[in-house]
Amino acid sequence: MPASNIKVFLRIRPCAKPSPAFQAEEERGAVSFELERQASDVEVNNQKLSHNFRFDGILPMAITQEQVLNMVAKPVIDDVLSGVNGTIFAYGQTGSGKTFTITGGPTRYEDRGLIPRTIAYMFECFRRSDAQYKMYISYLEIYQDTGYDLLREDSAQKLEDLPKVQLREDDDGHFHLRNLSVNTAASQEDALNLLFLGDTNRVVAETPMNDASTRSHCLFIIWVESTPPGSDVVRRSKLHLVDLAGSERVSRTGVEGKLLNEAKAINLSLHYLERVIVALHARSQGKQMHVPYRDSMMTSVLRDSLGGNCKTTMVACSAVEASNIDETISTCRFAQRVAQIKNDAKINEELDPTLLIARLKREAAELRQELSVARGGVDGGGEEALTPEDVEQCRALVLQYVSRKVDPKEPFVCGSVGRLRCSFRILRDLCNGARRTGGTGDSAAQAGLEAEASKLRLEIAQRDQEIGVMVQMLSKQRGGGDSRPFIMSEGPAGLTQAISAAASVTAPSQTDLSTTCPTSQTDLSTTCPAAGGGASPERQQPSSEQQPPTDPLAGGQQPISQPAPKPKVAPRIPGQPRNQLPLPPVADAAALLLDQERAFEVFKQTVYRPPESFEENKSLLKEKISQAKAIGDGANQVRTGINQAKAQLERLRMERAVTAANQNEASALEDGPEELAEVQKIDHLKGAYRERTADLRRVKSEVEQIQRLLEQNRVKMQKEFEQWFVALRKQAELSKLDDGTK
Ligand code: ADP
Ligand code: MG
């Protein structure tokens, strides 16, 4: 395969019976297909037709989602974090695992895909780095060449309810996505809530007759803005995670009418994608060729990802059952062409005038202070009047200074000459006090202890607060197994409320992308929303409101006290299409139509089948909660250890101070081996404590993600119920008509 900066991986969906024609050599990244040539009447011997393809990597059937993240996504994400644009897109026929790869499987927690894992990985990197990061998120669905914003509407019942996104091209040929919201994600939780809102809108927009997810393209866009410490430079980059529509050929789908039009529209947009790739391929071979980006919305949006300033990775998704081999070969062919495109990825950084001004102001203030010190404060016209707070601040600085907690090389900066004088006075008083009180109270040592103690008290209070919040969260969950702390309760017809509640968690602010970026870089293809200033979207506080415990599948409704006799409904046959759910006899249906709550109960108990992974997720949730509890207990133990060590250290220092004062020995004020051992012990315990709180945070985030999965299942069930209920009504109306005609 020719060298290229676009990486192409082949993912093979698990299957029980792979075609014998298919062979893969993982180490070489090679796959081959040996097909029997169709024997015609005149041919005597069947000839083999062989197709060979090479990839940057093969993702075999057994690969885990974590391994896919490591192999495929981490290199791209690392570049995005250093300011280089990235795109990961999944291509392949319907059912080949594109959504599984990009978003994840619909039910099992372990199956979560690249988007949630990328979010978690990015926030982990943010925490580890000294740089300042900001994240913004957009989620766009393109259906029949029209863009829809998945993050703005929280009560959409169908795709058309979502706000439309327009594509504009400016005089410089840059594309702008107008009306696409850019939402601040200040934490991992915010980002996952946005993903949840978008995915819920995706689920709701899709109906059994119009499975939008296989006929539309979805782009999850993460914008990252970073500023290295002390730098005036801002790096802006974006990561596109793209789930393309199914690539199957129209002839194979055997559909007609609206579906045929849709299939044509998908094929048309994929056809445009193919044309763009062919043109880029020709260009990479030195030919002059127009690249028809603007023929479709999708190619316009992906302009930079293909042949532009971007690191791009394609995951070609394939199914290798005999019946899918033709499509898989065509997917591999497409991938080979993509692999030959050349991109020119570079770091997007620029000087941020607001940061530059802030730094210059800071420097000017420092210089002014130095100048005033150099002039001995004479220009201020007499002694500066200090407030009691100023004096307290000076005292704290002096205490910190004499407690040997600051590096002696560090300059003693207190702000002004008046404050400097005040600090000297405090120091003098301390010394005098030490001399006067003799052995019973070495002021400097005492001051050191005081400073240390107040710092530690503050630290303990902060940690206590952190633990308190987590313990509260855990106890609420243990209290009744409520797995939906984000969701307000709603009745059986409460789909809309469910989604608005989900949305209320984050309530993303909405900004027209072209107005979000105050600089000239409003072009989606090169920028992300500018930070700071009034134009950046504001994050709203997530609601901390929690609901009383409810059955995760019960839609939050009150239990029915008298169980109503259940009408007989034929159980649903596994694999039966969703739009053919079994209906009860007409006589029972009439009663159910009058009582929607009861109808919901009946639906849940006799018609609906929760996904197999439902129980698995519930027990995983339990396990994670007890894991969190164990970590919380461990953290408490370590905290107790820290407190004991601190008390011991204070005691030792006090003893030493007393001895030193008695013997008038200044050098004895230094920490001795016992104190140093305690200090070391405290440091070690603090590290352990930090680790535990980080673990606790991680487990808390896992708990929340499982809860979101359960909630998504519930939304799906709600939708199925609504369809079932409509069918029930139709059946009743038909039977009324029948009665009328009799
Ligand atoms: P696409 O988005 O390409 O149409 P999906 O991602 O929806 O396909 O996959 C179709 C079905 O196969 C889904 O039920 C999905 O959960 C399952 N699936 C796909 N890939 C895998 C995989 N690697 N492991 C387990 N299940 C998979
Ligand atoms: Mg899909």
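Computed from a prediction, not measured in an experiment: that's the story for all the values here.

### Here we look at the overall build of the protein chain
Next up, step 1: Helix and strand counts for the protein chain come out as 19 helices and 15 strands.
Next up, step 2: Within the structure as shown, the protein chain displays about 35900 Å² of accessible surface, and the carbon and sulfur contribution to it stands at 52%.

### Focus: the site of ligand 1
Next up, step 1: Around ligand 1, a shell composed of Arg11, Arg13, Pro14, Gln93, Thr94, Gly95, Ser96, Gly97, Lys98, Thr99, Phe100 and Pro106 is seen.
Next up, step 2: Between an oxygen atom of ligand 1 and a main-chain N or O atom of Ser96, the distance comes to 3.2 Å.
Next up, step 3: One of the side-chain N or O atoms of Lys98 is found 2.8 Å from an oxygen atom in ligand 1.
Next up, step 4: Here ligand 1, which alone exposes 560 Å², has 68% of that area covered by the protein.
Next up, step 5: Take the shell around ligand 1: its biggest share by element is 3 residues, from helix α2 (residues 98–102).

### Examining the pairing of strand β9 (residues 164–169)
Next up, step 1: Here 2 bridges tie strand β8 (residues 146–149) to β9, and the two strands are oriented antiparallel to one another. Note on β9: the bridge partner recorded for Tyr148 is Lys164.
Next up, step 2: Where β9 meets strand β10 (residues 175–178), 4 bridges bridge the pair, whose relative direction is antiparallel. Along β10, the bridge assignment pairs Leu167 with Leu177.
Next up, step 3: Where β9 hands over to β10, the hairpin turn is made up of 5 residues, of which Gly173 adopts a positive phi near 80°.

### Considering the side chain of Ser96
Next up, step 1: Take Ser96: it is sitting in the loop between β6 (86–91) and α2.
Next up, step 2: Exposure remark for Ser96: the relative accessible area of 2% places this residue in the buried category.
Next up, step 3: Within the structure, the side chain of Ser96 is placed 2.6 Å from the backbone oxygen of Gln93, a separation counted as a polar contact.
Next up, step 4: Once you skip the residues sitting within four places of it in the chain, Ser96 turns out to touch Arg13, Cys317, Ser318 and Ala319.

### A look at the environment of Met71
Next up, step 1: Note on placement: Met71 falls in helix α1 (residues 65–81).
Next up, step 2: By relative accessible area, Met71 is classed as partly exposed at 37%.
Next up, step 3: On a C-alpha basis, the gap between Met71 and Gly57 in space is 8.5 Å, while along the polypeptide they are 14 residues apart.
Next up, step 4: Not counting the four nearest positions on each side in its chain, Met71 is found in contact with Phe9, Ile58, Leu59 and Ile63.

### Describing the UniProt feature "binding site: ATP" (unreviewed entry) in the protein chain
Next up, step 1: Per the UniProt record, "binding site: ATP" (unreviewed entry) is found at Gly92, Gln93, Thr94, Gly95, Ser96, Gly97, Lys98 and Thr99.
Next up, step 2: By relative accessible area, which is 0% here, Gly92 ends up buried.
Next up, step 3: Not counting residues within four places of it along the chain, the set of residues in contact with Gly92 comprises Lys98, Ala245, Gly246, Ser247, Cys317 and Thr331.
Next up, step 4: Turning to its location among the elements, Thr94 is positioned in the loop between β6 and α2.

### Observations regarding the nonpolar core
Next up, step 1: Grouped together as the largest cluster of nonpolar side chains are 51 residues, with contacts concentrated most on Val31, Phe55 and Met314.
Next up, step 2: When residues in this core are grouped by element, the largest group, 7 residues, is from helix α9 (residues 325–339).
Next up, step 3: By size, the runner-up hydrophobic cluster in this structure holds 46 residues, among which are Val76, Leu81, Tyr121 and Phe126.

### What about the confidence of the model for the protein chain?
Detailed conclusions should not be drawn from predicted coordinates in areas where pLDDT is low.
Next up, step 1: Model confidence for the protein chain is summarised by a mean pLDDT of 75, while 69% of its residues fall at 70 or above.
Next up, step 2: Every residue in residues 478–578 scores below 50 in pLDDT, and together they form 242 contacts with partners more than four places removed in sequence or on other chains.

### A short note on the packing of α1 against helix α3 (residues 114–128)
Next up, step 1: For the pair α1 and α3, the least separation of the axes is 10 Å and the interaxial angle reads 50°. With respect to α3, the element α1 is oriented oblique. When the axes of α1 and α3 are compared, the crossing they make is right-handed. Contact residues: Gln65, Glu66, Val68, Leu69, Ala73, Lys74, Ile77, Asp78, Val80 and Leu81 in α1; Leu114, Arg117, Thr118, Tyr121, Met122, Cys125 and Phe126 in α3.

### Some thoughts on α3
Next up, step 1: The first and last C-alpha atoms of α3 sit 21 Å apart over 15 residues, in line with the 21 Å expected at 1.5 Å per residue.
Next up, step 2: The buried fraction of α3 amounts to 11 of the 15 residues, a majority that puts the element mostly inside the structure.
Next up, step 3: Every buried residue belonging to α3 is among Leu114, Ile115, Pro116, Arg117, Thr118, Ile119, Tyr121, Met122, Phe123, Cys125 and Phe126, and all of these are buried.

### Examining the packing of aromatic side chains
Next up, step 1: Within this structure, the stated rule accounts for 12 aromatic pairs.
Next up, step 2: Aromatic pair Phe33 and Phe53: ring centres 6.1 Å apart, planes at 70°, arrangement edge-to-face. With Phe33 in strand β3 (residues 30–36) and Phe53 in strand β4 (residues 48–54), this pair connects stretches of sequence that are 20 residues apart. The pair formed by Phe33 and Phe53 is uniform in burial state, with each residue classed as buried.
Next up, step 3: Judged by centre distance (6.1 Å) and plane angle (35°), the ring pair of Phe721 and Trp724 falls under tilted. Here Phe721 pairs with Trp724, and both are found in helix α19 (residues 673–741), just 3 residues apart, close to one helical turn.

The rules behind these values
Residues numbered from 1 in each chain as written. Chains lettered and ligands numbered in written order. Predicted model: local features only at pLDDT ≥ 70, side-chain atom pairs only at ≥ 80, totals over all residues. Heavy atoms only, no water. Helix = DSSP H or I, 4+ residues; strand = E, 2+ residues; numbered from the N terminus. Areas by Shrake-Rupley, 256 points an atom, 1.4 Å probe, with all protein chains shown as cover. Near = heavy atom within 4 Å. Polar contact = N/O pair within 3.5 Å; in protein donor to acceptor, adjacent residues only side chain to side chain. Pairing = 2+ DSSP bridges. Buried < 20%, exposed > 50% of the residue type's maximum accessible area, 1.4 Å probe, protein only. Contact = heavy atoms within 4.5 Å. UniProt positions renumbered as here; feature names shortened; annotations may be inferred. Core = buried A, V, L, I, M, F, W, Y, C linked by side-chain atoms within 4.5 Å. pLDDT = per-residue confidence, 0-100. Axes fitted to C-alpha atoms, helices over the stretch in contact; angles between N-to-C directions. Parallel < 35°, antiparallel > 145°, perpendicular 65-115°, else oblique. Left-handed = near helix turned anticlockwise from the far one by under 90°. Expected span 1.5 Å × (residues − 1). Phe/Tyr/Trp six-rings, centres within 6.5 Å; stacked < 30°, edge-to-face > 60°.

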